[in-house]
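These are the residues of each chain, in order.
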Amino acid sequence: MRHAWILTVLLALAGGAAAELRGEEVRYGAGDATFEGWIAWDDAVEGPRPGVLVVHEWWGHGPYVRERARMLAELGYTALAVDMYGDGRTAQHPEDAGAFASAVMESADHGRARFLAARELLASHPTVDRTELAAIGYCFGGGVVLTMARDGVELDGVASFHGSLASPVVAEPGAVHARVLVLHGGADEFVPAAQIGAFAEEMAASGAGWTFVSYPGVLHSFTNPEADALGERFGLPLAYDAAADADSWARLETFLAEVFAD
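What counts and what doesn't
Residues numbered from 1 in each chain as written. Predicted model: local features only at pLDDT ≥ 70, side-chain atom pairs only at ≥ 80, totals over all residues. Heavy atoms only, no water. Phe/Tyr/Trp six-rings, centres within 6.5 Å; stacked < 30°, edge-to-face > 60°. Helix = DSSP H or I, 4+ residues; strand = E, 2+ residues; numbered from the N terminus. Buried < 20%, exposed > 50% of the residue type's maximum accessible area, 1.4 Å probe, protein only. Pairing = 2+ DSSP bridges. Axes fitted to C-alpha atoms, helices over the stretch in contact; angles between N-to-C directions. Contact = heavy atoms within 4.5 Å. Core = buried A, V, L, I, M, F, W, Y, C linked by side-chain atoms within 4.5 Å. 1 Å grid on protein atoms, 1.4 Å probe; cavity = no way out; pocket = protein on both sides within 12 Å on 5 of 7 lines; lining within 4 Å. Points joined across faces, edges and corners; volume = space filled by probe spheres on them. Nonpolar A, V, L, I, M, F, W, Y, C, P; charged D, E, K, R; others polar. Expected span 1.5 Å × (residues − 1). Salt bridge = Lys/Arg side-chain N within 4 Å of Asp/Glu carboxyl O.

A. Here's a closer look at the packing of aromatic side chains. A complete count under the given rule lists ten aromatic pairs for this structure. Ring geometry for Tyr85 against Phe140: centres 5.4 Å apart, planes inclined by 45°, an arrangement best described as tilted. Remark: Phe140 occurs in helix α5 (residues 140-150) and Tyr85 occurs in the loop between β4 (78-82) and α3 (94-104); sequence separation between them is 55 residues. There is no split in this pair, since Tyr85 and Phe140 are both buried. For the ring pair Tyr138 and Phe161, a centre distance of 4.6 Å and an interplane angle of 15° mean the geometry is stacked. Here Phe161 lies in strand β6 (residues 157-161) and Tyr138 lies in strand β5 (residues 128-138), a separation of 23 residues in the sequence. Using a relative accessible area of 1% as the deciding quantity, one classes Tyr138 as buried.

B. Fine view of the sheet that holds strand β8 (residues 210-215). On the basis of which strands lie adjacent, the open sheet formed by eight strands has the order β1-β2-β4-β3-β5-β6-β7-β8 and mixed pairing. Each of the sheet's edge strands pairs with one partner strand only, and the pair in question is β1 (21-30) and β8. Strand after strand, the sheet turns through a mean of 20° between neighbouring axes, direction not considered. Note that strand β2 (residues 33-42) and β4 share three bridges and pair antiparallel. Looking at the pairing, Trp38 lines up with Ala81 of β4. With respect to the sheet, helix α6 (residues 193-206) is in contact with β7 (179-185) and β8, its orientation differing from that of β8 by roughly 160°.

C. View of the nonpolar core. In terms of nonpolar packing, the biggest core is built from 43 residues, with Leu53, Phe115, Leu155 and Val158 touching the most fellow members. Here this core gets six residues from one element, more than from any other, and that element is α5. The contacts of Val158, once residues within four sequence positions are left out, are Ala135, Val145, Leu146, Ala149, Ala178, Arg179, Val180, Leu181 and Phe255. Within the second largest apolar cluster, 31 residues are counted, among which are Leu72, Ala73, Ala159 and Val259.

D. Spatial organisation of unusual backbone geometry. One non-glycine residue, Asp87, adopts positive backbone phi at about 60°. On the secondary structure map, Asp87 appears in the loop between β4 and α3. With a relative accessible area of 46%, Asp87 lands in the partly exposed category. Positive phi is not limited to glycine here, since His162 has a value of about 35°.

E. The arrangement of the layout of surface pockets in detail. Counted as a void, the largest pocket has a volume near 430 Å³. Going through the elements one at a time, α3 and α5 are the ones with two or more residues in the lining of the largest pocket. The biggest single contributor to the lining of the largest pocket is α5, with four residues. When its volume is computed, the second largest pocket comes out at roughly 330 Å³. Listed by contribution, the elements that provide at least two residues to the lining of the second largest pocket are α2 (63-74) and α7 (227-234). Counted by class, the lining of the second largest pocket contains eight nonpolar, seven polar and three charged residues.

F. Region of the structure containing α6. Between its terminal C-alpha atoms α6 stretches 20 Å, which fits the 20 Å expected from 14 residues at 1.5 Å a residue. Where the residues of α6 are buried, they touch α5, β7 and β8. Directly beyond the C-terminal end of α6, a positive phi value near 80° is found at Gly207.

G. A look at the pattern of salt bridges. On inspection of all chains with the given rule, the structure shows eleven salt bridges. Here Arg179 ties to Glu258 by a salt bridge, and the two come within 3.2 Å at their closest N and O atoms. Taken together, the residues span a long stretch of sequence, with Arg179 in strand β7 and Glu258 in helix α8 (residues 242-259) at a distance of 79 residues. Looking at Arg179, the relative accessible area reads 37%, which means it is partly exposed. What emerges from the salt-bridge pattern is a single network uniting Glu67, Arg70 and Glu74.

See below:
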């Protein structure tokens, strides 16, 4: 089935089938909360294909995370832009963003329940092979997917873009099933060197398969074209970096192809 999916995608990219990208608003629940996500796929790809969860920055579920889901659909995946805050809530100020993010990650169980609800929604989509799932995340979302990997959630791979490396969960030996890719800005002031060192030691001790890529001189939020404006508005050390954005996305493409290969 994997080979059939790869062949279909290659034919579509080569012009053998016209891309018919679809996007759909979705609502789902976890506990007593309701979440508003967005799922994207390409109708030109035949049969079940891998699914990828996309977890938003600390600003919340908005156009940026949906654009990344759309880009994944262009690659032949079905992608769900996840809502971790509930009701599609977004923050207009860093203080609100910090409060929303802290509320989600206040306990491992709280964040896990929300993530698993999104995972089940994606796995249940008619275009998805539920045995082939991965997750990527940006900023707050990067921290979320790394926490889910540490917690043993069944995923083929997780990729973090300028995400936090700290977590309420410490990976136990043998607990991490997913391959891990971390794409980090070398000048990111939100991730101190001690946090990087502790993460490396934790991954090594857990026996996880992991790759860490650091872009020298690159600040936090380097994949988001709005980072410069947000940094200036709120006095935060944020900056878009086109070269790091392009390279990190290319590395993600290779990573996903590898984790979903036979």
